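Structural features, examined
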Amino acid sequence: MAPGRIEIYDTTLRDGTQGENFSLSLFDKVRVARKLDELGIDYVEGGWPGSNPLDMTFFREIKKHCLTHTQIVAFGATCHPGTSPEKDENLQMLLSADTAVLTVFGKSWTLQVRDALRTTLKKNLAIIRGSVAFLKAHDKRIIYDAEHFFDGYKADPRYALSTLEAALEGGAATLVLCDTNGGTLPSEIGAIVAAVRAQFAKIALGIHTHNDTDTAVASALAAVEQGAVHVQGTINGVGERCGNANLCSIIPNLRLKLGKSCIHEDQLVHVQVVSALVAELANEPPRHNQPFVGRSAFAHKGGVHVAAVLRNPETYEHIPPELVGNHRRVLISDLSGRSTISHKAQAFGLDLGKDDPIARKVLAEIKARVHEGFQYEAAEASFELLVHRARGLQKSYFTLLGFHVSDTKRSDMEEPQAEASIRVKVGQQEEHTAALGHGPVNALDNALRKALEKHYVNLKEMRLFDYKVRVLPGVDGTGAKVRVLIESTDGVSTWGTVGLSVDILEASWQALTDSYTYKLHKDELKQQQEIPPADSMKCIG
Ligand SMILES: [Zn+2]
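Anyway, here's the lowdown on the structure attached to this text. (Residues numbered from 1 in each chain as written. Predicted model: local features only at pLDDT ≥ 70, side-chain atom pairs only at ≥ 80, totals over all residues. Heavy atoms only, no water.)

1. Section: the overall build of the chain
- From N to C terminus, the chain includes 17 helices and 16 strands.
- Seen through its C-alpha atoms, the chain measures out along the principal axes to roughly 80 × 55 × 45 Å.
- Counting across all 541 residues of the chain, residues that qualify as buried make up 53%.
- Long-range pairs, those at least 24 residues apart, make up 67% of the contacts in the chain with a sequence separation of at least 6.
- Of the roughly 24,500 Å² of accessible surface on the chain, 51% is carried by carbon and sulfur atoms.
- Where the 60 positive side-chain charges of the chain centre and where its 66 negative ones centre are 2 Å apart. (Helix = DSSP H or I, 4+ residues; strand = E, 2+ residues; numbered from the N terminus. Buried < 20%, exposed > 50% of the residue type's maximum accessible area, 1.4 Å probe, protein only. Contact = heavy atoms within 4.5 Å. Areas by Shrake-Rupley, 256 points an atom, 1.4 Å probe, with all protein chains shown as cover. Lys, Arg positive; Asp, Glu negative; His and termini not counted. Charge placed at Lys NZ, Arg CZ, Asp CG, Glu CD.)

2. Notes on the sheet that holds strand β11 (residues 399-408)
- Reading across the sheet, the 3 strands line up as β11-β12-β13 and stay open at both edges, with antiparallel pairing between neighbours. Each edge of the sheet is formed by a strand with only one pairing partner; in this case those strands are β11 and β13 (429-437). Strand-to-strand, the axes of this sheet are offset by a mean angle of 10°, without reference to chain direction.
- In terms of strand pairing, β11 meets strand β12 (residues 417-426) through 9 bridges, oriented antiparallel. Pairing of Val405 across the sheet is with Ala420, part of β12. (Pairing = 2+ DSSP bridges. Axes fitted to C-alpha atoms, helices over the stretch in contact; angles between N-to-C directions.)

3. Things to note about the coordination of the zinc ion
- Looking at the metal site, the zinc ion is ligated by Asp15 (OD), His208 (NE2) and His210 (NE2), spaced 2.0 to 2.2 Å from it.
- Of note, the donors binding the zinc ion are all from one chain and are spaced D-x192-H-x1-H. Pair check on accessibility: His208 and His210 agree, each one buried. (Donors = N, O, S within 2.8 Å, 3.2 Å for Na, K, Ca; no water.)

4. Re the sheet that holds strand β7 (residues 204-209)
- Read around the closed barrel, the 8 strands follow the order β1-β2-β3-β4-β5-β6-β7-β8; overall the barrel is parallel. In this sheet, adjacent strand axes meet at a mean angle of 25° when their direction is disregarded.
- For strand β1 (residues 7-10) and strand β2 (residues 43-47), the ladder comprises 2 bridges, and the chain directions are parallel. Considered in β2, the bridge of Asp10 is made with Val44.
- In the packing of helix α8 (residues 186-199) onto the sheet, contacts are made with β6 (174-179) and β7, and the angle to β7 comes to roughly 155°.

5. Observations concerning the pairing of strand β8 (residues 230-233)
- Burial along β8 is two-sided: the residues His230 and Gln232 and Val231 and Gly233 are all buried.
- Sheet topology places β1 next to β8; 4 bridges connect them, and they run parallel. Directly across from Ile8, in β8, lies its bridge partner Val231.
- Inspection of the sheet shows β7 paired to β8 by 3 bridges, in the parallel sense. Residue pairing across strands places Ile207 opposite Val231, the latter belonging to β8.

6. Things to note about the packing of helix α4 (residues 110-117) against helix α5 (residues 121-136)
- Where α4 contacts α5, the axes come no closer than 10 Å and their chain directions differ by 90°. By the angle between their directions, the pair α4 and α5 is classed as roughly perpendicular. Between α4, through Thr110, Val113, Arg114 and Leu117, and α5, the contact on the second element is made entirely by Leu121, Asn124 and Ile127.
- Tallied by class, the residues present in the contact of α4 with α5 amount to 4 nonpolar, 2 polar and 1 charged. (Parallel < 35°, antiparallel > 145°, perpendicular 65-115°, else oblique. Nonpolar A, V, L, I, M, F, W, Y, C, P; charged D, E, K, R; others polar.)

7. Observations regarding the side chain of Lys107
- Note on placement: Lys107 falls in strand β4 (residues 101-107).
- Separated by 2.9 Å, the side chains of Lys107 and Glu147 make a polar contact.
- Sequence-distant contacts of Lys107, that is, excluding residues within four places in its chain, are made with Gln112, Val113, Ala116, Leu117, Asn124, Ile128, Tyr144, Glu147 and Thr163. (Polar contact = N/O pair within 3.5 Å; in protein donor to acceptor, adjacent residues only side chain to side chain.)

8. Points about the pairing of β6
- The buried fraction of β6 amounts to 6 of the 6 residues, a majority that puts the element mostly inside the structure.
- Residues Thr174, Val176 and Cys178 line one face of β6 and the alternating positions Leu175, Leu177 and Asp179 line the opposite face, and both faces are buried.
- Note: strand β5 (residues 141-147) against β6, 4 bridges, orientation parallel. For Ala146, the partnering residue across the bridge sits in β6 and is Leu177.

9. Regarding the pattern of salt bridges
- Within the structure shown, the criterion is met by 26 salt bridges.
- Across the salt bridge formed by Glu384 and Lys522, the nearest N and O atoms sit 3.9 Å from each other. Placement of Glu384 in helix α15 (residues 380-390) and of Lys522 in helix α17 (residues 504-528) is noted, with a sequence separation of 138 residues between them.
- Of the residues examined, Lys522 reaches a relative accessible area of 34% and is grouped as partly exposed.
- Glu453 is the salt-bridge partner of Arg449, the closest N and O atoms lying 3.4 Å from each other. (Salt bridge = Lys/Arg side-chain N within 4 Å of Asp/Glu carboxyl O.)

10. Describing the packing of α5 against helix α7 (residues 157-170)
- Contact geometry for α5 and α7: axes closest at 7 Å, N-to-C directions at 25°. For the element pair α5 / α7, the angle class is roughly parallel. As for the relative orientation of α5 and α7, their crossing is right-handed in sense. In contact with Leu121, Asn124, Leu125, Ile128, Arg129, Val132, Ala133 and Lys136 of α5, α7 contributes Tyr159, Ser162, Thr163, Ala166, Ala167, Glu169 and Gly170.
- Looking at the contact of α5 with α7 residue by residue, the class counts come to 8 nonpolar, 4 polar and 3 charged. (Left-handed = near helix turned anticlockwise from the far one by under 90°.)

11. Regarding the packing of aromatic side chains
- By the definition in use, this model includes 10 aromatic pairs.
- Between the aromatic rings of Tyr9 and Tyr43, the centroid separation amounts to 5.9 Å while the plane-to-plane angle is 40°, which identifies the pairing as tilted. Residue Tyr9 is located in strand β1, and its partner Tyr43 is located in strand β2; the two are separated by 34 residues in the primary sequence. Neither Tyr9 nor Tyr43 differs from the other in exposure class; each is buried.
- Both rings, one in Phe58 and one in Phe59, keep their centres 5.6 Å apart while their planes meet at 75°; by these two values the pair is edge-to-face. Phe59 carries the same exposure label as Phe58, and that label is buried.
- One aromatic cluster in this structure is built from Trp48, Phe75 and Phe105.
- Directly above the aromatic system of Phe75 lies the positively charged group of Arg14, at a separation of 3.5 Å from the ring centroid. (Phe/Tyr/Trp six-rings, centres within 6.5 Å; stacked < 30°, edge-to-face > 60°. Lys NZ or Arg CZ within 6 Å of the ring centre and 35° of its normal.)

As far as function goes, none of this settles anything; it's purely spatial.
What follows is the structure in structure tokens.
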């Protein structure tokens, strides 16, 4: 390893899947592993072969894919106290994963040795030494995870250090100090890592932190500042309880704040894509305020901030957003001036000069619409389409010829049944489809999708993941209006659209059609620019 370089070890597929509501199929696991390889992650922990059949299948499956950088690692425990390493079934399973690198974890805390492992302190040391030596003898590189190390160190520093010594005697290449319960603060982590480093100056030290005190990233960085050269974490910080240390924050912090090399500088811009993929597989909306990669991470709203940031981004941004593949967002509200509108339009590749009549037209329209009740802060896709329409660049991908939506409930005991039928024209062809749904909007979406997917296969990648309705009080004697905000994703990016009407279905329809149109419009632009899709960068194994 080059001096000053920090190894990145991802455990999204193992520790990450311990998180509530986060599980991955075999296909998902392979997909994530390949993306992590593209990102330049050094180690990807694939799973615990002894714990379930899926993990074992993963190790077989991933061999069929040629990874260019990542080393796949199998994870497991030291041998059972009642047996020897040679006879231990779990260690055999670990070997049968057939990876060059193995991570084995052992007990560091006297309390855990007595109450969880239920053996003697001396025997635990022999277990660690023997397990590591046995695996190492099979020509494996061994990463030793010292479970509960910080709690163990606080309870009995001499014993905790002796467990590391045992792993070292067994032949471990890296000693990873784990804050398994996540209760240690960064200052303590830093001090303990420094103490360990004083004792083990020549061995590579690693850090594995959990986020129970909301400081997992800070703790990992504190460890690096005290000499740790190997950092474990998960994408988006997924993991059991409050999660693991978030690699999507650790990686940019290491490179941009601590000046450490880890993944290659050019790959930093891809962190966001991997973050979006894992959020998608977790079936959760991406966290907007997630540092570095969230869509609000560089968003500025109205007034003084916008004016200043447009003059000099450093006024309100800690790094240029492009460094991490993100972008500045100037949020559109009724406070927006012409310069904000022009700036926004520029971000979409439309140069509206300062006195451009289109900019004036868009600004007037935005102001009128915001007054009516539209809101564009969370609906940038609708705003972008509005600018394109004003410039006469908006192509129509389909025309509505009519829809009908019904909701039938037959008794108090029965769930209502929503059904929608729709007629649309795509080019010269008329489509007439019907679909059921969970509620009328979902039925309408399903029917529209059915009609359009025949013509635009890329719509299969897209789904709506958030739907918000707000009833706006009527103004000047008019009836109440309903504002619908829809968020959609295609697994790579997310976008928001808006609709407004006195009728909830009409408002939903506006937001839906904007969402579909935006996806089709974006993909068409991408094709014109002949950007190869991200998948073409993968090697086919
Ligand atoms: Zn863990």
